[in-house]
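# Structural features, examined
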Amino acid sequence: MSDRRAARRREVFLGMAVLLSCMAFFGFDVVADVAAHRLAGASFASVELVHLIFETVAVFGLGYAVITLRQYLRLLQGEAESSKETIHMLRGNFDEVLRDKFKEWSLTAAERDVTLLIIRGLSVADIAAARNTAQGTIKAQSTSIFRKIGVGSKTELMSVIIDEFLDTSYHDGMSAQ
């Protein structure tokens, strides 16, 4: 968990603690006021009754706020878990889509490696250094990759891959429904 997220989490729990403390204070005050009047056998003056009603409403309002906040936090936690699962699924789906497209395009193992490095945004020089080969070799492999896929640039390659992934993800999502 990041430091920022942990700090936000502490802030939320501190806020809930403040709400609960206020609720306890006003609740105790309501009970003390009612008990004091009962023991004294006195009835409430109109100002005291209004004060008691406001404190009672405050107790219920604070209780409602705590319950609502807790339910909202649970909802957010559930959505976060769902998002993590979706991202995990999409990553796996992306790998699967790439493997399928590499086979369809008849890319060699070297061309597959170069394509992955292009997707990651590396330059020809960076790819050559990463693969311990000459830049001319990478340029020749890139040209072969582009020809096999039917594109003319890295941008077009990225567009084709993204389109394939989105199309596959969309159809997979529709078939899951």
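### With respect to the overall build of the protein
A count of helices and strands for the protein gives six helices and zero strands. When the helices and strands of the protein are listed from N to C terminus, the series reads α-α-α-α-α-α. Taking 16 Å as the expected radius of gyration for a compact globule of 177 residues, we find that the protein reaches 32 Å, considerably beyond that expectation. Reported as C-alpha extents along the three principal axes, the dimensions of the protein are approximately 100 × 40 × 20 Å.

### Focus on unusual backbone geometry
Of note, Ser106 is a non-glycine position whose phi angle comes to about 60°, a positive value. Note on placement: Ser106 falls in the loop between helix H2 (46–104) and helix H3 (109–119). Here Ser106 falls in the partly exposed class, since its relative accessible area comes to 49%. Residues other than glycine seldom take positive phi values, yet Asn132 does so here, at roughly 55°.

### Comments concerning helix H5 (residues 135–149)
With 15 residues, H5 should reach 21 Å at 1.5 Å per residue; the first-to-last C-alpha distance of 21 Å fits that figure. Taken as a whole, H5 has its buried residues at Ile138, Gln141, Ser142, Ser144, Ile145, Phe146 and Ile149. At the C-terminal side of H5, Gly150 shows a positive phi close to 90°.

### Some remarks on the packing of aromatic side chains
One pass over the full model with this rule turns up two aromatic pairs. Summarising the aromatic geometry, the rings of Phe25 and Phe26 are spaced 5.4 Å apart at their centres and angled 70° between planes, so their arrangement reads as edge-to-face. What makes Phe25 exposed here is its relative accessible area of 52%. Using a relative accessible area of 26% as the deciding quantity, one classes Phe26 as partly exposed.

### Observations regarding the pattern of salt bridges
Per the stated rule, a full pass over the model turns up three salt bridges. The salt bridge partner of Lys101 is Glu104, with a shortest N-O separation of 2.8 Å. Of this pair, Lys101 and Glu104 both sit in helix H2, separated by three residues, roughly a single helical turn. Overall, Lys101 belongs to the buried group, its relative accessible area being 9%. The class for Glu104 is exposed, based on a relative accessible area of 54%. When the shortest N-O distance is used, the salt bridge between Arg131 and Asp113 registers 3.2 Å. Remark: Asp113 occurs in helix H3 and Arg131 occurs in helix H4 (residues 124–131); sequence separation between them is 18 residues. Residue Arg131 is classed as partly exposed on the basis of its relative accessible area of 28%. Exposure remark for Asp113: the relative accessible area of 37% places this residue in the partly exposed category.

Here is what the cut-offs are and how they apply
Residues numbered from 1 in each chain as written. Predicted model: local features only at pLDDT ≥ 70, side-chain atom pairs only at ≥ 80, totals over all residues. Heavy atoms only, no water. Helix = DSSP H or I, 4+ residues; strand = E, 2+ residues; numbered from the N terminus. Rg over C-alpha atoms; globule rule 2.2 N^0.38 Å. Buried < 20%, exposed > 50% of the residue type's maximum accessible area, 1.4 Å probe, protein only. Expected span 1.5 Å × (residues − 1). Phe/Tyr/Trp six-rings, centres within 6.5 Å; stacked < 30°, edge-to-face > 60°. Salt bridge = Lys/Arg side-chain N within 4 Å of Asp/Glu carboxyl O.

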